[in-house]
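# Coordinate inspection notes
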Amino acid sequence: MSLVPYVENSIPALSKLHNSSAQFRFANHSLRVAQDWRQLGVAAVVWDAAVVMCMYLELGQVELKGKVAIELGAGTGLVGIVAALLGARVTITDRAPALDFLQANVKANVPADRQASVVVAELTWGERLERFPAGGFDLVLGADIVYLEDTFPALLETLEHLCSGGTAVLLACKIRYRRDSDFLDMLRQRFRVEEVYYESQRDIHIYKAVKTTPCRDL
Ligand SMILES: C[S@@+](CC[C@H](N)C(=O)[O-])C[C@H]1O[C@@H](n2cnc3c(N)ncnc32)[C@H](O)[C@@H]1O
């Protein structure tokens, strides 16, 4: 599965995606995240949305220390790794084929004394959600996970399951197509959604969504 039609080296902006690793400095740590486009495609490269999400988390506007977080569609795991380094207990999730790669990146980048605060788990949106506590997270993180229209209902169902009224969802999005905005409209039917950050160089928006409590009939 590819996110965009892709021929190696044809688009200079995408060439960084087939480097075997990408390096960053976040949360006072030097991170080297392995990439493997050829084997795993979109799940094994760091997308700009993940980088901007990490920049946003570093700003400190969202409390991470001691918080219980889950990352959806984590890919290489960069966002979850940075959230753990900033003090959260994080469940980092993706579909089954991405998990070994993800686990290796976590192991390589999270110091031994923080490893216990990170769990890597399979979560395919909409499937077997009962394995995750309903409304059990302070924070749900997702970078560049709004792009496949077929997955929108399942993604929404997943967010509804994971969130209580006290959960903050942070979605870092590149709005490539009209359908991406359509997902935000779907989200607005169940969540209060606001843009909290925009990075113009990479054209990435960060939205915060909080579940609205359904009105009870009187
Ligand atoms: C564009 S990549 C973003 C990866 C990473 N978050 C980043 O920004 O670098 C989209 C991710 O969503 C995951 N994904 C796509 N469909 C999914 C589904 N139905 N359930 C769970 N994860 C899914 C892919 O495996 C991939 O890791």
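That block above? That's the structure.
The shown structure was predicted, so the numbers you read here are calculated from the model rather than taken from an experiment.

Taken in spatial order, the 7 strands of this open sheet run β5-β4-β3-β6-β7-β9-β8, and their pairing is mixed. Each having just a single partner strand, β5 (118–122) and β8 (191–199) make up the two edges of the open sheet. Across the sheet, the mean angle from the axis of one strand to that of its neighbour is 20°, orientation sign disregarded. As judged from the 8 bridges shared by β8 and strand β9 (residues 204–211), these two strands associate in the antiparallel manner. Note on β9: the bridge partner recorded for E195 is Y207. Sheet strands touched by helix α5 (residues 152–162): β3 (68–72), β6 (139–143), β7 (168–173), β8 and β9. Its angle to β3, the strand with the most contacts, is close to 175°.

Attention now moves to the site of the ligand. W47, G73, D94, W125 and A143 are the nearest of the 18 residues found near the ligand. One of the backbone N or O atoms of G75 is found 3.5 Å from an oxygen atom in the ligand. One of the side-chain N or O atoms of D94 is found 2.5 Å from an oxygen atom in the ligand. Contact with the protein chains hides 97% of the accessible area of the ligand, taken as 590 Å² for the molecule alone. Residue classes in the shell around the ligand are distributed as 11 nonpolar, 4 polar and 3 charged.

On to helix α4 (residues 99–109), then. Of the residues making up α4, those classed as buried are L99, F101, L102, N105, V106 and N109. All buried residues of α4 project into a common sector of 160° when viewed along the axis, lining one side. Projecting away from the buried face of α4 at angles above 90 degrees are the exposed residues D100, K107 and A108.

As a further point, take unusual backbone geometry. At A27, a residue that is not glycine, the phi angle is positive and equals roughly 55°. Take A27: it is sitting in the loop between β1 (21–26) and β2 (29–34). With phi around 55°, D203 is a residue other than glycine that occupies positive phi space. Assignment of secondary structure puts D203 in the loop between β8 and β9.

Parameters at a glance
- Residues numbered from 1 in each chain as written.
- Predicted model: local features only at pLDDT ≥ 70, side-chain atom pairs only at ≥ 80, totals over all residues.
- Heavy atoms only, no water.
- Pairing = 2+ DSSP bridges.
- Helix = DSSP H or I, 4+ residues; strand = E, 2+ residues; numbered from the N terminus.
- Axes fitted to C-alpha atoms, helices over the stretch in contact; angles between N-to-C directions.
- Contact = heavy atoms within 4.5 Å.
- Near = heavy atom within 4 Å.
- Polar contact = N/O pair within 3.5 Å; in protein donor to acceptor, adjacent residues only side chain to side chain.
- Areas by Shrake-Rupley, 256 points an atom, 1.4 Å probe, with all protein chains shown as cover.
- Nonpolar A, V, L, I, M, F, W, Y, C, P; charged D, E, K, R; others polar.
- Buried < 20%, exposed > 50% of the residue type's maximum accessible area, 1.4 Å probe, protein only.
- Arc of directions from axis to C-beta.

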